[in-house]
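Spelled out, the chains give:
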Amino acid sequence: MTETAAGVPKYHRFANALRQAIQEGTYDAGQKLPPEDQLAQQYRMSLPTIRQGLGVLVAEGLIDRQHGKGTFVKNERPLLRKSRNRYGRARHDSKLLTRDLQHSITFAGRAPVPTSVAEAMGVEPDTEVVIRRRLLSDRETGRPEEFGASYLPVEVAGGTYLEEPKVVPKALFLCVEEISGKRYHEARDLWRSRMPTPEEADALEIPTGMAVMHVMHTAYSDDGEVLEVSESIWPADRIIVVDEYAIEQDATALDSPSGV
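Predicted, not measured: the structure shown is a model, and the values here were computed from it.

**Notes on the overall build of the protein chain**
Along the backbone of the protein chain there are nine helices and twelve strands. With 260 residues in all, the protein chain has 40% of them scored as buried. Across the protein chain, every contact between residues at least 6 apart in sequence was considered, and the portion connecting residues at least 24 apart equals 60%. Here the protein chain displays about 15200 Å² of accessible surface, and carbon together with sulfur accounts for 50% of that area.

Structural data, given as structure tokens:
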């Protein structure tokens, strides 16, 4: 039977109390929380209730459970992702990674394209493509921060160093442009929040019940050819999407009394 009081489950009461304590500064950013049994005594609740309440705050991104170390108040700032800047900056700056992230390639080679990516690439499911799977981890702590893959047409990347499981010497799109002789011209990003697959949760070392942010990025050449489709997955509590753009001055809209 669920432990309740006044219709509110006890684990939510505990989560609310601990959240308030963190917000009021009782526990500082980065500080380790007391052991679960100590929290159970302090709040006069059972261990299962304490664990459920901690699970609520983990899902909110307020605290972080580290295997073998304990539970800590999170202290990092979310990564700001500005998709529109990814190309312009890379053309002039080879230091692309922020927050000192270690980039590793977990797979590179030919394989059937996943059904979810085939439509974006404009090919039939199971068409052979060149796939480069990557994992980005915090260089200092080793914690995984981003999991993803790039899918490239065999006609573009086949038989090149992009089939080797090595980090490329410059931004991937610059490599594709050099190999293909074409320039990235337009791009389309599809964002969504969802639950992770078991593979993603394992790679990112997060619970399967913690949401992730998933972006599918499709890049086109000036003749409409798909040069690359990439997927990036982050724990949802660690990323903020920033989209800055000019506002078009539409004479018709400006003349409308309602402004609509």
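Resuming the write-up.
**Some words on the nonpolar core**
Of all hydrophobic cores here, the largest spans 26 residues; its most connected members are Phe-14, Leu-18, Tyr-27, Leu-33, Ile-50, Leu-54 and Ile-63. Elements with a contribution of two residues or more to this core: helix H1 (10-23), helix H2 (36-43), helix H3 (47-60) and helix H8 (198-204). Apart from the residues within four sequence positions on either side, Tyr-27 is in contact with Leu-18, Ala-21, Ile-22, Leu-33, Pro-34, Leu-39, Gln-42 and Val-73. Counting residues in hydrophobic clusters, the runner-up holds 16 residues, among them Val-156, Leu-162, Ala-171 and Leu-227.

**Examining the layout of surface pockets**
Quantified by volume, the second largest pocket comes out at close to 650 Å³. At the level of secondary structure, the elements contributing two or more residues to the lining of the second largest pocket comprise strand S3 (63-66), strand S4 (70-73) and strand S8 (144-153). A per-element tally of the lining of the second largest pocket places S3 first, with four residues.

**Points about the pairing of strand S11 (residues 226-235)**
The side chains of a regular strand alternate, residue by residue, between the two faces of the sheet. Most of S11 sits inside the fold, with ten of its ten residues counted as buried. Where S8 and S11 come together, five bridges link them in antiparallel fashion. Looking across to S11, one finds that Ser-150 is bridged to Ser-230. Note that strand S10 (residues 212-221) and S11 share nine bridges and pair antiparallel. Bridge pairing links Val-215 to Ser-232 in S11. The turn linking S10 back onto S11 is made up of four residues, and Gly-224 within it adopts a positive phi angle of 85°.

**Points about the sheet that holds S10**
Taking strand neighbours across the sheet as the criterion, the six strands line up as S6-S7-S8-S11-S10-S9 in an open arrangement whose pairing is antiparallel. Edge positions in the open sheet fall to strand S6 (101-112) and strand S9 (184-194), since each of these has one partner strand only. Each strand axis lies, on average, 15° off the axis of its neighbour in the sheet, ignoring direction. Pairing between strand S7 (residues 128-138) and S8: nine bridges, direction antiparallel.

**What to know about the confidence of the model for the protein chain**
Mean pLDDT for the protein chain: 86, with 85% of residues reaching 70 or above. Scored below 50 in pLDDT, residues 94-98 shows eight contacts in the model against residues more than four places distant or in partner chains.

**As for the environment of Gly-181**
Inspection of the secondary structure assignment puts Gly-181 in the loop between helix H7 (172-180) and S9. When its relative accessible area of 67% is taken as the criterion, Gly-181 is described as exposed. Each C-alpha atom of the pair Gly-181 and Val-156 lies 9.5 Å from the other, and the pair is 25 residues apart in sequence.

**Regarding the pattern of salt bridges**
Scanning the entire structure with this criterion turns up 13 salt bridges. Arg-143 serves as the salt-bridge partner of Glu-145, at 3.0 Å between the closest nitrogen and oxygen. Each member of the pair, Glu-145 as well as Arg-143, is classed as buried. Of the charged contacts in the structure, one is a salt bridge between Lys-166 and Glu-164, with a shortest N-O distance of 3.8 Å. The class of Lys-166 is exposed, set by a relative accessible area of 55%. Look at Glu-164 and you get partly exposed, because its relative accessible area is 35%.

**Examining the packing of H1 against H3**
Remark: H1 packs on H3, axes separated minimally by 8 Å, with the N-to-C direction vectors making an angle of 55°. When the axis of H1 is compared with that of H3, the two are oblique. Relative to H3, the crossing made by H1 is right-handed. For the pair H1 and H3, the contacting residues are Lys-10, Tyr-11, His-12, Phe-14, Ala-15, Leu-18 and Arg-19 in the first and Thr-49, Ile-50, Gln-52, Gly-53, Leu-54, Val-56, Leu-57 and Glu-60 in the second. Tallied by class, the residues present in the contact of H1 with H3 amount to eight nonpolar, four polar and three charged.

Calculation rules
Residues numbered from 1 in each chain as written. Predicted model: local features only at pLDDT ≥ 70, side-chain atom pairs only at ≥ 80, totals over all residues. Heavy atoms only, no water. Helix = DSSP H or I, 4+ residues; strand = E, 2+ residues; numbered from the N terminus. Buried < 20%, exposed > 50% of the residue type's maximum accessible area, 1.4 Å probe, protein only. Contact = heavy atoms within 4.5 Å. Areas by Shrake-Rupley, 256 points an atom, 1.4 Å probe, with all protein chains shown as cover. Core = buried A, V, L, I, M, F, W, Y, C linked by side-chain atoms within 4.5 Å. 1 Å grid on protein atoms, 1.4 Å probe; cavity = no way out; pocket = protein on both sides within 12 Å on 5 of 7 lines; lining within 4 Å. Points joined across faces, edges and corners; volume = space filled by probe spheres on them. Pairing = 2+ DSSP bridges. Axes fitted to C-alpha atoms, helices over the stretch in contact; angles between N-to-C directions. pLDDT = per-residue confidence, 0-100. Salt bridge = Lys/Arg side-chain N within 4 Å of Asp/Glu carboxyl O. Parallel < 35°, antiparallel > 145°, perpendicular 65-115°, else oblique. Left-handed = near helix turned anticlockwise from the far one by under 90°. Nonpolar A, V, L, I, M, F, W, Y, C, P; charged D, E, K, R; others polar.

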